[in-house]
Structure formats: structure tokens, C-alpha cells
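# Close look at the chain arrangement
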Amino acid sequence: MVGVVVRLDELTRLRVSELAGVGPARTRALAALGVETIYDLVTYFPRRYVDRSREVPIGEAVPGEQVLLVGRVMDARRIPTRGGRVLVEAQLVDSSGKITLAFFGQPYRAKQLANITGEVAVFGRVELFRRRRQMNNPLVDPIGDKTGAIVPLYPLREAAGLNSSDIARAVAQVFNEYAEFVDVVPPSLRGHLGLYDIYQALWQLHFPTNEQTRQVARKSVAFDELFLLQVKLAQLRAEREARAVATEHDANPFVPGSARLLEEFLAHLPYEPTDGQRSAIAEIARDMASPRAMHRLLQGDVGSGKTLVSVVAMLIAVQSGHQAVLVAPTEVLAEQHHRSISTLVAEARLPDSVTGRLFEGSPRPVSIDLLTGSTPAARRRRLLADLRAGALDIVVGTHALFNDELAFASLGLVVVDEQHRFGVEQRSALTDRVTVDQGSAPDTLVMTATPIPRTAAMTVYGDLDVSVIEGLPPGRQRVETRWARTALEAQVAFTLLRDEVAVGRQGYVVCPVVDESTKLQVRAVTEEFERLQQAELKGLRLGLIHGKLSSAAKDEVMRDFRDRAIDVLVATTVIEVGVDVPNATVMIIEDADRFGIAQLHQLRGRVGRGADKSYCYLLSEVDTAVAEARLGALVASDDGFVLAEIDLELRGEGTVLGGRQAGRTDLKVASLSHDRDLVLEARQHARALIAQDRSLEHHPRLRAMLQALFGDDEADFLLRS
Ligand SMILES: Nc1ncnc2c1ncn2[C@@H]1O[C@H](COP(=O)(O)OP(=O)(O)OP(=O)(O)O)[C@@H](O)[C@H]1O
């Protein structure tokens, strides 16, 4: 067939209005669906399909069976009923016969059915009513063109005046006008994986010949999406490596003689690092010793000991005569990190003889300070001066830390604690700025508190290397988790809490406060606190902590809790991450169904941190399928990575990946939970390709496509994606 051949990236520039049959009205309607270019149109995929190959002639529809019927709607009207119930009836007719469609409680149907002009696909169970065949509340989907045996149904949203077959027609028009899309994925790769070329893949995803071709098409398009994204990420990584000359931190804690500071530090730790911590540290030390800038993600389950690993990384930098900075997402967390790192470093009783290039001639212990939005101006000035002079080794802070005044004598490592916020844009802005400030790039270590499924990490953090801390410190017992569904079971939970307090242990009661910025919500926690004081927890020493307290007040409550002057801490999710009080053994989470899996797992991680048996009670009377699945998962598993996978399946990628999915890297077809192997394949091939051809000189079409999809600018890409 002779026809026009078009490059895929050109489709991103051609407007739908250039298609025959798409006039101004249709162009506007499509724009309302976010479809502006021809590329948008061919990647606007059906929500589902009606399989007309399995359709039954109306005359042969047998009562008791679920069938698909296709016909014209006649005689739609509202039938008066006794008792005021709305009943709409219509006849569905084809050449073989007719059947009654009955809709109860759906008054809008009368008008809707009367307005349908073409054929409709009706799906439902055939019943007998007064000896006539009838379908009650069937699914009705309009279909216009008979494009094939399987008819696509497109998501329509608010686009007025456009139905599914209009979209199908416009899509079909694209395939009429163009005989081929020039592929950007190397054909050998497609052949190797048994995938369709892009033209056939897109065509079959819109108008599948049968279920089997649809599946191959889906896989092909999913691979394309993943591959393009992975090539972009691999390129980002390779370019960064080539560009940035990083400080070579030659200290390795496990190589005797190479790092006195670290040896001393580890020798004075009250415990041995676990194997998991050791191997993560070894990977980090190797990266930091190389002239390549490290870009590494550190993952570990709750309580796996990420803090220690990050502290060792910081000390590697300090030992080599450089500085380290740790950035936390909130002030509470910055304060907590500062406290725990200071303790760790102090406990190590660093000898005065430790010297590094920074402080040659003036031996002193490692210095660490905290800088947040609430640091007083004078102190802030002094601290910034110290950083500039190299008198301060480690600074912990929030993003407020980074403004133009900030300069380091020699910054060697940036640790970013992202929690589950995925603040990619902040991360890149931060390292970019710091890189600009000095000649060589600092190494970057990103920590996440919540385990991320492997495939998701490869997508969200695809430009980073990943270290996972396997296992937990020894002596940890499983937190016994129960779901208390009734008031009686809740009483059992509080009784157990009282019993534990009676033998000297502590606990938490968490109240669900979604938005701590509103007074109303804070009042709700305060009221619950007062109620508990009069009721379930009467006579115990209670503390209250929430986001609206001042830093000083929060600090005081936390100190009292740590010092065991408080038995039970009534809290919002401010305690979700970072809080580490091993004597606490009971956690009661009220209205647990209001939290997500990751959050519940984080909260639960606040207990079971010591040697004592710990308990977590999820209070929730809600009995929906979602609550069942979520709370059930927590009861069944305490493995954060397993829970993360379940979460991904329950919630879908959008929510799990947060803001990162909102941009153009949105995966339309690929699913991170169901296409795991494909993610791995895409990544492996993308990396191999970039290893050979970093700037894609020999793959001009692929380069043009990436440019069209993601733009040129690295920061821009990270921001948008
Ligand atoms: N190797 C080890 N042996 C024994 N205890 C350890 C070890 N490493 C860390 N710990 C202790 O385990 C607890 C958890 O460590 P840490 O706070 O670093 O966990 P985390 O990974 O940050 O977890 P979370 O995300 O829950 O805060 C701390 O009390 C810490 O002192």
C-alpha cells in the first residue's frame, strides 16, 4: 500500500485538526479530553472493549444466561409504577427478535435511550418476566461503526458532544492517512521480545482483531512507554556521570588503616552493624571512593537501621576532609535526625587525634549542627559562617537551609531524606545548586522511609543506583498486629496497654488527623486526648503531641516520653517517622481505615524496636472491601516490601508514585505491578543502549522522540515528571 510514512515524534507536533473529518467542534471536544496532537490521539486508549464476536442474536438469547446483545433501542419510556419507583423500559431490536430492557431507579435513562441513534451493545442476564424475556439494569454502551469484531470504548469524561465511536473514527482516520509510523525502538529488540512494531501495536490496541492480538499490542505499547522512560533515565544518569567529577572519598570503614575516624566510630558503637547495613555501607563507600558522583537510593524497612548507614556515609566524607549535609522534609524530622546523629557520633567518643584535611593542625571531634526555618538569625549567621570556613562538618536541616547565602568550604555528601514524598524536584534542585557552587559534585544519598516496590523504584528513581538494607537488627520480634472491629475488642486493646504500662513499658495512641493545619482537626485530637484521660487511660500519665505545637513544645513532650515521664503518647502522625523509643511496646491506631498501608506500616514501626514483645491494634469498625484488604494485609505481614507490593496493587500506580506520575511520563498502558518483567527488560535494554551511545547519535529518531516527549533540560524533566 502506498501511503504516507510519518516519524513518531512528528505526530507530537501535528494537530488533530489536520485530520480529515475533524472540524473545529470536534477539535474542541477532543481538547477537553486532553487530546490536542495526533500523538495524543493515538495514545488515547480505550477504557475497555465490547467483544462483538461473542454476541448473540436477540432471538436466541436464553433466559438465565449472561449475554451481549447488539441492536437498536426503540420505544424508550417511563412507566408509572405504584409506590413511586422510577421504571424506564425500552425494547432492544435486531433482525432476529426483540427483548425488553428495564431500568429501575434510573430516571435519566428515558432521555438517554431515546437519544441514541446508532446501535448499542447491551450486556446483562436474560430473565423471564410475565413470560417475556427481559434484562434488568443491563450495561449499555453505544457503538457506532462496525470497525471490527472488538469495539473500543473510550473514556469520555466531560467532553460534551463526543461519543466513543466519534473517537474511534478519528483514531481510524489517523491510520487511514498514514501507512506507517517510523519506529523508534530498535527493530531487533522488538523481534527479540516478540512485540509488534509501533504502528501495528497502536492499531491493534485500538482495534484488536482478537483478544490475543490485543494482548500482544498492549505488551508492545507498554514496553514502548517503559523503554522510552528508561532510556531517558539512563541517559540522565550517564550524562551526570560523565559531567560531574566528584570528590574521591578514599576512606573505607572496612579497610583497616584507611579510616581511623570510622574505625573508632564503629568500635564504639553499642552494637554490631548487621550484614544488611554492612553491605549497604560497602556499596556506598565504593561509590564515594570513585571519581564518579554517587547517586544512590538507600532503601530499608522500618527499623532496619538506615540512620547508621547514613551516618557512616557522612563520616566517610568527614574523614576525607569534607562536609556533609542531611536534608529532611520537615522540621520535626530534621530535629530528630539531628538528635540521633549527634547521639551516635557522641557515643562513638571520637578521639581528638582525628584529623582531616579540613581541620589540619586543629584536631577536634566531629561537629554537627541543625539549621531550620526556626533557627534564630544570629545563630543562623554564625552557622553559615562556620560552614563556609569549614569549621562545621555536618549540618542537618530542612529545605529552608538552601538559599543563596549557603556555601560550603568543601561539600562532599548530600543526604536527602525523602520519606515517601518523592521530592525529586527538590533533590535535583539541591544537588544542582551545590554543584554549581563548587568545582566538583558532591555525592548524593537518597533515603526513603517507606519501602518502594522494586519496579516502582526503578521508575521513580530510575536514574539512581539502589542499595537495600536486607534484614533487621537481631533480637527483633514480630509486632503482633490485631484488627479490633468492635468496641469490646477496642477495650481489650486499651486493657493490654494498661497492663504493659503497669510493668514499666510505654505506648502510643494515634488519632487520624488528616490535615494538621486546620484548627478543627487539632481540636479533635485534643478532645480525644481529654476523653482518654477520663476514660480508657484514666490514671496514666499521658502526653499529647501534634503538628501545631511549637518545636520547643514538641521537643519537651518527646523528651518526657523518652525519659519515661509519660506513659502513653497520644499523637497524630507527627510520630510516623523517625521516632525511636524502644521501651514503647503498644501502639493503638484509632480509625485505622483512614490511613494507607504505607503509613500504617510506618506507624507500627514505632513499636517493636527493642527486645520486648510488642503489639499493634488497628481500631476500625469499617467493613468495606478496601479496609478489609488493607488492614488484613497489615495483620498478615510485617514485611514493608511485601506490603508495598500489595499497596501498589490495591491503589494503582498513580497514588503510589505520587506527584511523579502526574507529568508526561505518566504510564498510560504499562502497569508497575503487572508488568514487572517488562520494566526489567526495558531498563536492561535501555541501559545497554545508552552505554554504547550516550547521546543517541546513532539513534536520531529515538533522540527526537525523547526530546518531543520529555524536552531537553534535565531539571525540567525531573520537575515535570
Ligand atoms: N546493627 C544494629 N544492631 C542493633 N540495633 C540497631 C542496629 N542498627 C540500628 N539499630 C537500632 O535500631 C533502631 C532503628 O534504627 P533506625 O532509627 O536507624 O531505623 P530506620 O531504618 O531509620 O527506621 P525508621 O524508618 O523506622 O525510622 C534504632 O534504635 C537503632 O539504634
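What counts and how
Residues numbered from 1 in each chain as written. Predicted model: local features only at pLDDT ≥ 70, side-chain atom pairs only at ≥ 80, totals over all residues. Heavy atoms only, no water. Helix = DSSP H or I, 4+ residues; strand = E, 2+ residues; numbered from the N terminus. Buried < 20%, exposed > 50% of the residue type's maximum accessible area, 1.4 Å probe, protein only. Contact = heavy atoms within 4.5 Å. Near = heavy atom within 4 Å. Polar contact = N/O pair within 3.5 Å; in protein donor to acceptor, adjacent residues only side chain to side chain. Areas by Shrake-Rupley, 256 points an atom, 1.4 Å probe, with all protein chains shown as cover. Nonpolar A, V, L, I, M, F, W, Y, C, P; charged D, E, K, R; others polar. Domains from an automatic or database assignment. Salt bridge = Lys/Arg side-chain N within 4 Å of Asp/Glu carboxyl O. Core = buried A, V, L, I, M, F, W, Y, C linked by side-chain atoms within 4.5 Å. pLDDT = per-residue confidence, 0-100. Pairing = 2+ DSSP bridges. Axes fitted to C-alpha atoms, helices over the stretch in contact; angles between N-to-C directions. Expected span 1.5 Å × (residues − 1).

Looking at an unreviewed UniProt entry, one finds the protein chain named ATP-dependent DNA helicase RecG, with Ferrimicrobium acidiphilum as its source organism.

### So, the overall build of the protein chain
Each helix and strand counted, the protein chain has 24 helices and 23 strands in total. Looking at the 721 residues of the protein chain, the share that counts as buried comes to 55%. Across the protein chain, the fraction of contacts at a sequence separation of at least 24, relative to all contacts at a separation of at least 6, is 74%.

### Some remarks on the site of the ligand
Taken together, 18 residues form the shell around the ligand, and within it E272, T307, R476, D580 and R606 come nearest. Between the ligand and the protein, one listed contact pairs an oxygen atom with a side-chain N or O atom of T307 at 2.7 Å. In the environment of the ligand, an oxygen atom lies 2.6 Å from a nitrogen or oxygen atom belonging to the side chain of R476. Protein contact buries 86% of the 630 Å² of open area that the ligand shows by itself. Residue classes in the shell around the ligand are distributed as four nonpolar, seven polar and seven charged. Among the domains, domain 2 (260-469) and domain 3 (480-637) are the pair contributing at least three residues each to the shell around the ligand.

### Observations regarding the pattern of salt bridges
In this structure the tally under the stated criterion is 27 salt bridges. In this structure, D287 and R296 form a salt bridge, with 2.8 Å as the shortest nitrogen-oxygen distance. The buried category is assigned to D287, whose relative accessible area is 5%. E480 is paired through a salt bridge with R482; the nearest N and O atoms lie 2.2 Å apart. According to the relative accessible area criterion, R482 is partly exposed, its value standing at 34%. The structure contains a network of salt bridges with shared partners spanning R7, D9, E10 and R13.

### Regarding the nonpolar core
Membership of the largest hydrophobic core comes to 77 residues, with the highest contact counts inside it found for L41, F181, F223 and F227. The element contributing the most residues to this core is helix α8 (residues 211-243), with twelve residues. Beyond its immediate sequence surroundings of up to four residues, F227 is in contact with V185, P186, L189, A682, H685, A686, L689 and L702. In terms of nonpolar packing, the next biggest core, distinct from the first, is built from 40 residues, A280, I316, A317 and V415 among them.

### A closer look at the confidence of the model for the protein chain
Chain-level pLDDT for the protein chain is 82 on average; 85% of the residues reach the 70-or-more range. The low-confidence segment residues 349-362 (pLDDT under 50) makes 30 contacts with residues lying over four places distant or belonging to another chain. Confidence drops under pLDDT 50 across residues 420-427; counting only partners more than four residues distant or on other chains, this segment forms 23 contacts. With pTM at 0.72, the complex prediction returns an ipTM value of 0.98.

### Points about the domain arrangement of the protein chain
Examined at the domain level, the protein chain breaks down into domain 1 (49-153), domain 2 (260-469) and domain 3 (480-637). The distance between the C-alpha centroids of domain 1 and domain 3 comes to 53 Å.

### Brief notes about the sheet that holds strand β15 (residues 411-417)
With parallel pairing, the seven strands of this open sheet are ordered in space as β13-β14-β12-β15-β16-β11-β17. Each end of this open sheet is capped by a strand with a single partner; those strands are β13 (368-371) and β17 (465-469). Within this sheet the neighbouring strands show an average axis-to-axis angle of 20°, counted without direction. Both strand β12 (residues 323-327) and β15 contribute to a ladder of five bridges, which runs parallel. Note that in β15 the partner of V327 across the bridge is V416. Across the sheet, helix α13 (residues 377-389) is in contact with β12, β13 and β14 (394-397); its angle to β13 comes to roughly 135°.

### Considerations on helix α11 (residues 306-319)
Between its first and last C-alpha, α11 extends 20 Å over 14 residues, near the 20 Å set by a 1.5 Å rise per residue. Most of α11 sits out of view: 13 of its 14 residues are buried. Within two residues after α11, G321 carries a phi angle of roughly 85°, on the positive side.

### Notes on the environment of T12
One can find T12 in the loop between α1 (8-11) and α2 (24-32). Sequence separation between T12 and L709 is 697 residues; the distance between their C-alpha atoms is 8.0 Å. Contacts of T12, omitting those with residues within four sequence positions, involve T37, Y39, M705 and A708. In terms of polar contacts, T12 uses its side chain to reach the backbone carbonyl oxygen of D9, at 2.5 Å.

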